[in-house]
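# Coordinate inspection notes
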Amino acid sequence: MQRFRTRGLALFMAIAMVATPAVLCFNRAARAEEKKQKTELHKQMESIDEGMKKLRRSLRKKEANAESLETIVKIEDAAIACKKMSP
C-alpha cells in the first residue's frame, strides 16, 4: 500500500513540474493579448477615472467651478455610454 502512495506522489510531482511552466507561459500570453485589446467600454471607464482624478483637484478651488461642471458632464456622458455596453 505504501508503495502505491509513493508512486502516486512521485507521478503527481513529476506532472506538476512539467505542467507549471507551460501554464505560466500560456497565462502570460493571454494577459499580454488582453492588454492589447482595449474595448470601447475600457476606454470609457478610463475617461471616467481620469475625470474623477481631475475633479478631485478642481473641486477645492472656487475659480475652477466651471471646469468642474464640464468634467462632471463628461463623466456623466461616459457613464451613460457605459451603461449601454456589455462587459
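Every chain is numbered independently, its residues counted from 1 as its sequence is written. Totals for whole chains, interfaces and linings use all residues, but because this is a predicted model, local features are given only for residues with pLDDT of at least 70 and pairs of side-chain atoms are given and counted only at 80 or more. As a rule here, side-chain values come from all non-hydrogen atoms in the structure, and water together with hydrogens is ignored.

## Description of the side chain of threonine 71
Looking at the secondary structure, you find threonine 71 in helix α3 (residues 65–84). Classification of residues uses two cut-offs on accessible area relative to the type maximum, computed with a 1.4 Å probe and protein chains only: under 20% is buried, over 50% is exposed, and between them is partly exposed. Overall, the relative accessible area of 6% leaves threonine 71 in the buried class. Discounting chain neighbours no more than four positions away, the residues touching threonine 71 are Gly51, Lys54 and Leu55. Counting from the N terminus, the helices are the DSSP runs of H or I reaching at least four residues and the strands are the DSSP runs of E reaching at least two. Throughout, a residue-residue contact means that at least one pair of heavy atoms, one from each residue, lies within 4.5 Å.

## Details of α3
For α3, built from 20 residues, the straight-helix expectation of 28 Å at 1.5 Å per residue is met to within 8% by its first-to-last C-alpha distance of 29 Å. Those residues of α3 lying buried are Ser68, Thr71, Ile75, Ala78 and Cys82. Along the axis of α3, the buried residues cluster in a sector spanning 90°; they form a single face. In α3, the exposed positions that point more than 90 degrees away from the buried face belong to Ala66, Leu69, Glu70, Lys83 and Lys84. Here a helix's expected span is defined as the number of its residues, less one, multiplied by 1.5 Å. Here, the arc refers to the directions that run from the helix axis to the C-beta atoms.

## With respect to the nonpolar core
Counting six residues, the largest nonpolar core consists of Leu41, Ile48, Leu55, Ile75, Ala78 and Cys82. Looking at this core, the elements with two or more residues in it are α2 (40–58) and α3. Working definition of a nonpolar core: buried Ala, Val, Leu, Ile, Met, Phe, Trp, Tyr and Cys residues. They are joined through side-chain atoms within 4.5 Å.

## A look at a nonpolar patch on the surface
Together, Leu9, Phe12 and Met13 give the surface a local cluster of nonpolar side chains, amounting to about 330 Å² of exposed area. Residue position: leucine 9 is located in helix α1 (residues 2–36). When its relative accessible area of 52% is taken as the criterion, leucine 9 is described as exposed. Put simply, a patch holds well-exposed residues, over 30% relative accessible area, that have no salt bridge, with like charges counted together within 9 Å and Val, Leu, Ile, Met, Phe, Trp or Tyr side chains within 5 Å. Every accessible area reported is derived by Shrake-Rupley at a probe size of 1.4 Å, with residue values counting cover from the shown protein chains alone. For this document, the term salt bridge refers to a Lys or Arg side-chain nitrogen within 4 Å of an Asp or Glu carboxyl oxygen.

## Regarding the packing of α2 against α3
Throughout, an axis means a line fitted to C-alpha atoms (over the contacting stretch in the case of helices), and angles, computed between N-to-C directions, take values from 0 to 180 degrees. The geometry of α2 relative to α3 is characterised by a closest axis approach of 9 Å and an angle of 155° between their N-to-C directions. Accordingly, the angle class assigned to the pair α2 and α3 is roughly antiparallel. Relative to α3, α2 is oriented so that their crossing is left-handed. Contact residues: Leu41, Gln44, Met45, Ser47, Ile48, Gly51, Met52, Lys54, Leu55 and Ser58 in α2; Glu67, Ser68, Thr71, Ile72, Ile75, Ala78, Ala79, Ala81 and Cys82 in α3. The classification used treats Ala, Val, Leu, Ile, Met, Phe, Trp, Tyr, Cys and Pro as nonpolar, Asp, Glu, Lys and Arg as charged, and all other residues, Gly among them, as polar. Class assignment for the residues of the contact of α2 with α3 results in eleven nonpolar, six polar and two charged. Here the angle decides the label: under 35 degrees means roughly parallel, over 145 means roughly antiparallel, 65 to 115 means roughly perpendicular, and every other value means oblique. By convention the crossing between two helices is left-handed if the near helix lies anticlockwise of the far one by an angle smaller than a right angle, and right-handed if it lies clockwise.

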